[in-house]
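Observations on the three-dimensional arrangement
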Amino acid sequence: MANLLHIVVCAGIVPDPLQTLEPVTGPTGPGLKNEMVLPAVLDPWAASALYEAANLAAKNPGSKLWLVSLGPKAKLQQVMMTVAQKACFELVPIDGPIGGFPDAHSTAAVLAETIAALPGLDRAKLLLFGGWESATRGAGVTLQLIGERLGITDQFQGVDQIELREDGSLEVLERVEGGKHQVSVCAGTPAVLGWATGNLAEPRNNPQIGMANMRTIMPALQKAKVAKLDANGLRYVSASLPKQQRTTRVVKDLTPDEIAVELVEWIGAE
Amino acid sequence: MSVEATPSEAPEVERQTMEVDFACAGFGPAMGGFLTTLTNAWNENPADPAFESKATPGMPLQVLCYERADDISSGVSGVVTRGQAIRTSFPELNPAEIPMAVEVRSERVMYLLDPVGASRRSLTLRAADAALRAFGRLAGVKDYAFELPWTPAFLNKHGGLVLSIGQFNQWVGSQLMATGLVQIWPGTPVSEPLLSGRRVEGLRLSDQGVEKSGAPADGFMAGMDVRAQLTVVGDGPVGAVGQALDEKLGLPEGHAHREWALGMKFVIELPEGSTLEPGTVWHSFGYPEPEIFGFLYVHPERLVSVGIFVPSWMHDPSRTAYRYLQHYIQHPALWKYLKDGTLRSWGAKSLEESGRHGEPFLSGDGFARIGEGSGSTNMLTGSGVDEAWATGTQLGEAVIELLRAGKPFTKENLATTYEARRRKSWVERGAREAENARNGFQGGVVKGMIGMALAGLTGGKLSLGAHIPPPHKQVRPFAPRSFDGLMLKEAVAVALEDGRPLHDALLSVRGWPEIPFDGRLLVTQQDALLLGGKVQAIPGFADHVVFRDAGLCIACEEKTCIAMCSGQAITLGESGAPVFERERCAHCGACLWNCGQSPDGVHSNIEFRAGAGGLHSAEN
């Protein structure tokens, strides 16, 4: 018999990583140059969580799936056009600031408060999903903080797979060092699962799903509550992008082994 | 005569169907104009019964637009436009609200001399160059550039707008979607129109979960049929829907798609302290080859779009646009401003330059065509965005008129509303003036410039005549017993020695200096895909570039498809036939008209189908 689940996915939006990203420091702290004009995507880690959630909800008929996202309303609308054809969900938008630098505690407080107030949510059946990290800032604490504020003590991070058993318990595979997984069994809901990449491929675009989702997404966006996030004294000393090393050289008459040796030397020298 | 393209391996499958009111293919300036006009009218009175959906009674019109690119901001064009139609739609337009937009403040037209000595110039041009060099500064020559004392009125865009089409599309799209009337779905290619006889009944989306050949694979999902009372086709000059309509319905008598150009550009961040003012616009001709026109548009925040147009009438099969662009930006007149800059983005697109000669049937039962694919680009003024936007607004007004009159979208009704508006408009007047303006170029650059001046200065009353062959016949074969042939042999040796593409080697043999790669502004073409172009294709879609007859490809000496491929997505395979990698394709469509082979005397040997992915740059 299928379990009836209430799955809430917390998913932020980030600039499309294929864009040219340039850190700048403004009057309100660090950010990205022209971030509002860069196209946004659902945070890749959180996107994995959404697809896993949709898959789980589909396998357990009667389950409900909410997508809670905090960001500028216009950007959320844009991102929905690339996501809403992939999975059925109910969007809960929160109109807030852009960027990966707001205080995680403030963000968690707003998200937890929103989730707690979701009409029809049965917290005993709650699975709180999200990314275990964020593409904008890898603090990886927001989901955990939300769980704590909601009083959920069973928390898992770096999740690649879960199996929901008939008795309602969950077998969870979390990433650990050395490319291995730690296998845990959780008695059941409620639980927090911070997803790594998962094992599912990105779902295909299904126009009917998109059309159905849009009937609720656009009204939800119009009614999105506005959230102001407090800095809580948070101060950034510096922000920088990971350094990109590129060397292009055309070689010929080298064997694969010789190229491999050269690559190893190059990597070692960096 | 028609040709059977290589059949897709996708079997006949049962497809899901969705009913909407308007199904739209492609989101660009033309579709922006159409949807803006529609939503503006709806916003005035959302309760207007004319806007009630027939597909979903009780709801507003169901308007769905499908765009191939992964985001609506992935448009490719830094443009300068007079912007009159755009300003009509947005009377309060403030360019500062659109990132990278600025009003045109100064304009120059320059003839560029060849500082390298490798450009293939005719004797006439060489004589003109010698005269200009001899008189030097007296003639106004500076940095190997001769500036025309004035900008011809037909080229003048003063007071217009410098735009990034990616940013403009994003700005327009956000406003459209915020209305709630329109849904624009990126990452969703449309494979073909749904035809019943000559009536268009909607759009078929591309299959997903297929192999390169189109055969079903894991996660196969047949493309959905989206049925609509009106199908709006704005998928550009190489769009699959427009091509299919041309194929099935034919073109009006005497019309053909025969003139093309590849526009390729860089977005460069200028060095600190640059003296180039936002709103500066330069047009150039004469370099790197006489046939190649160039441009430089300065955006706010020290960004500049700089690029070239490589036309089909260049004839020479070595059309390596990327390398030519690198030589172009190193011309002394440009390099003095660009040399310490940083490449931020790169992109390319095909331009349909046939103008009215390439105009398809603008409307028919259940469909209307707008934008560049409908032949709206004005080849005399070098302007397409504003014209495209205008055709969209004309269709929008026509559709509103028909909705309010309760009339169906038949061929007759669309002709008396949409086509009639277009024929009476400045778009049509401009198109007629420009109709034969470029004829002279088939006979060379000098003749072409004379013909363009004649048409431009007489409002199209005078022009030169020309016979323009199909694009595949405009690719001049290599002549093995000529001087060029000797160069080709030498180039083959260089290519084999260096392992580089033949056409690149040929440019070196012809005397073009090697590019001094600096890893910042001058980068290899493959690096440009990663640093600037950001080309990507998600798995699960079929190859959209298909070689119809591999035997013809193997026998082809020129293989212009490889030379012209913007993303080096077409390379030489071991069998001697070209190989296509969709993950590197920028979707410029240049291969479609740069193939010098034809299996039937009408079509080229390359088919360009619907495909997903492509550029991911919002700055283009």
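Residues numbered from 1 in each chain as written. Chains lettered and ligands numbered in written order. Predicted model: local features only at pLDDT ≥ 70, side-chain atom pairs only at ≥ 80, totals over all residues.

Right, let's get into the overall build of chain A. Secondary structure assignment for chain A yields six helices and 13 strands. Against the 2.2 N^0.38 benchmark of 18 Å for 270 residues, chain A shows a C-alpha radius of gyration of 20 Å, consistent with a compact globule. Seen through its C-alpha atoms, chain A measures out along the principal axes to roughly 65 × 45 × 40 Å. (Helix = DSSP H or I, 4+ residues; strand = E, 2+ residues; numbered from the N terminus. Rg over C-alpha atoms; globule rule 2.2 N^0.38 Å.)

One finds Val9(A), Leu50(A) and Cys591(B) to be the most contacted residues of the largest nonpolar core, which totals 228 residues. Residue contacts for Cys591(B): discarding those within four places in its chain leaves Val545(B), Cys561(B), Met564(B), Cys565(B), Ile570(B), Ile606(B) and Phe608(B). Counting six residues, the second-largest nonpolar core is a separate cluster that includes Leu488(B), Ala505(B), Leu506(B) and Leu507(B). (Core = buried A, V, L, I, M, F, W, Y, C linked by C-beta atoms within 7 Å. Buried ≥ 20, exposed ≤ 12 C-beta atoms within 10 Å, placed from the backbone. Contact = placed C-beta atoms within 7 Å.)

Residue and element names in this part refer to chain A. For strand β11 (residues 180–186), the tally of buried residues reaches only zero of seven residues, placing the bulk of the element at the surface. Looking at chain direction, strand β10 (residues 170–176) and β11 are connected through seven bridges and run antiparallel. Bridged to Val172 within β11 is Ser184. (Pairing = 2+ DSSP bridges.)

Take the interface of chain B and chain A next. With 35 residues of chain B at the interface, the matching set in chain A holds 27 residues. Elements with a minimum of two residues in the side of chain B that touches chain A: α4 (165–179), β10 (182–185), β13 (208–210), β14 (216–221) and β21 (342–352) of chain B. Ranked by residues supplied to the side of chain B that touches chain A, first place goes to α4(B) with five residues.

With that settled, consider the packing of helix α2 (residues 73–83) of chain A against α4(B). Across the interface, α2(A) lies against α4(B) with an axial gap of 10 Å and an inter-helix angle of 85°. With respect to their mutual orientation, α2(A) and α4(B) come out roughly perpendicular. Contacts from Ala74(A), Gln77(A), Gln78(A) and Met81(A) of α2(A) reach α4(B) at Ser174(B), Met177(B) and Ala178(B). Taken together, the residues of the contact of α2(A) with α4(B) sort by class into four nonpolar, three polar and no charged. (Axes fitted to C-alpha atoms, helices over the stretch in contact; angles between N-to-C directions. Parallel < 35°, antiparallel > 145°, perpendicular 65-115°, else oblique. Nonpolar A, V, L, I, M, F, W, Y, C, P; charged D, E, K, R; others polar.)

Next up on the list: the sheet that holds strand β7 (residues 141–142) of chain B. Residue and element names in this part refer to chain B. Sheet architecture is open: eight strands sit in the order β7-β8-β6-β18-β19-β20-β17-β21, paired in mixed fashion. Looking at the sheet topology across the chains shown, the edges are occupied by β7 and β21. Two strands pair when backbone bridges link them, and β7 and strand β8 (residues 145–147) are joined in this way by two bridges, in the antiparallel orientation. Bridge pairing links Lys142 to Ala145 in β8. In the packing of helix α6 (residues 321–329) onto the sheet, the strands contacted are β17 (260–269), β19 (293–298), β20 (303–311) and β21, and the crossing angle to β20 comes to about 130°.

Accessible area lost on assembly of the parts is the figure often given for the size of an interface. Residue and element names in this part refer to chain B. Taken domain by domain, chain B comprises domain 1 (19–80 + 165–211 + 219–255 + 357–433), domain 2 (102–159 + 257–353), domain 3 (436–468) and domain 4 (483–615). Distance from the C-alpha centre of domain 2 to the C-alpha centre of domain 4: 23 Å. On the domain 4 side, the residues contacting the 28 residues of domain 2 number 31 residues. Secondary-structure elements contributing two or more residues to the side of domain 2 that touches domain 4 are β17, α6 and β21. The greatest single-element share of the side of domain 2 that touches domain 4, amounting to nine residues, is contributed by β21. Along the lines of polarity and charge, the residues of the side of domain 2 that touches domain 4 split into 13 nonpolar, 11 polar and four charged. (Domains from an automatic or database assignment.)

Moving on: the confidence of the model for chain B. The pLDDT averaged across chain B works out to 91; a share of 97% of its residues lies at or above 70. Across residues 1–10 of chain B, confidence stays below pLDDT 50; counting only partners more than four residues off in sequence or on other chains, it has 23 contacts. (pLDDT = per-residue confidence, 0-100.)

So, on to the sheet that holds strand β3 (residues 63–66) of chain B. Residues and elements named next belong to chain B. Spatial strand order, β10-β3-β2-β16-β23-β22: six strands in an open sheet with mixed pairing. If you trace the sheet from one side to the other, it starts and ends with β10 and β22 (363–364), each paired once. Pairing analysis gives four bridges linking strand β2 (residues 22–25) to β3, with the strands arranged parallel. Note on β3: the bridge partner recorded for Ala25 is Tyr66. In the packing of helix α1 (residues 29–44) onto the sheet, the strands contacted are β2, β3, β10 and β16 (230–233), and the crossing angle to β3 comes to about 165°.

To continue, consider unusual backbone geometry. The peptide bond linking Thr189(A) to Pro190(A) adopts the cis configuration, its omega dihedral lying at 0°. Within the element layout of this structure, Pro190(A) appears in the loop between β11 and β12 (191–195). If you check the backbone angles, Met100(B) has positive phi at about 70° while not being a glycine. Mapped onto the fold, Met100(B) is located in the loop between α2 (84–89) and β5 (102–103). Exposure remark for Met100(B): the 27 C-beta atoms within 10 Å place this residue in the buried category. Phi angles above zero are rare outside glycine, and Arg302(B) is one such case at about 60°. Position of Arg302(B) relative to the elements: it lies in the loop between β19 and β20.

To continue, consider the environment of Thr136(A). Residues and elements named next belong to chain A. On the secondary structure map, Thr136 appears in the loop between β8 (126–131) and α4 (142–149). Separated by 36 residues in the primary sequence, Thr136 and Gly100 have C-alpha atoms spaced 4.9 Å apart. Beyond its immediate sequence surroundings of up to four residues, Thr136 is in contact with Val14, Gly99 and Gly100.

Glancing now at helix α14 (residues 502–509) of chain B. All names here are of chain B. Within α14, burial applies to His503, Asp504, Ala505, Leu506 and Leu507. On the buried face of α14, the contacting elements are α6, α13 (483–498) and α17 (560–564). Backbone geometry just after α14 places Gly511 at a positive phi near 110°.

Residue and element names in this part refer to chain B. With respect to the helices, strands and loops of the structure, Gly355 is situated in the loop between β21 and β22. Taking the number of C-beta atoms within 10 Å as the measure of exposure, Gly355 has 25 and is therefore buried. Gly355 sits 70 residues away from Ser425 along the chain, and the two C-alpha atoms are 15 Å apart. Not counting residues up to four positions away in its chain, the partners in contact with Gly355 are Gly375, Thr377, Asn378, Met379, Ala431, Ala434 and Glu435.

Residues and elements named next belong to chain B. The interhelical angle for the contact between α1 and helix α8 (residues 385–405), taken along N-to-C directions, is 35°, at an axis separation of 6 Å. By crossing handedness, the relation of α1 to α8 is classed as right-handed. The segment α1 lies against α8, with Pro29, Ala30, Met31, Gly32, Gly33, Phe34, Thr37, Leu38 and Ala41 engaging Val385, Ala388, Trp389, Ala390, Thr391, Gly392, Thr393, Leu395, Gly396, Glu397, Val399 and Ile400. (Left-handed = near helix turned anticlockwise from the far one by under 90°.)

Right, let's talk about the pairing of strand β18 (residues 280–285) of chain B for a bit. Residue and element names in this part refer to chain B. Most of β18 is tucked away, with five of its six residues classed as buried. Direction of pairing for strand β6 (residues 106–112) relative to β18: parallel, over a ladder of six bridges. Looking at β18, one finds that Met110 is bridged to Ser284. In this sheet, β19 lies alongside β18 in antiparallel orientation, the contact comprising five bridges. When the bridges of β19 are listed, Val281 appears paired with Tyr297.

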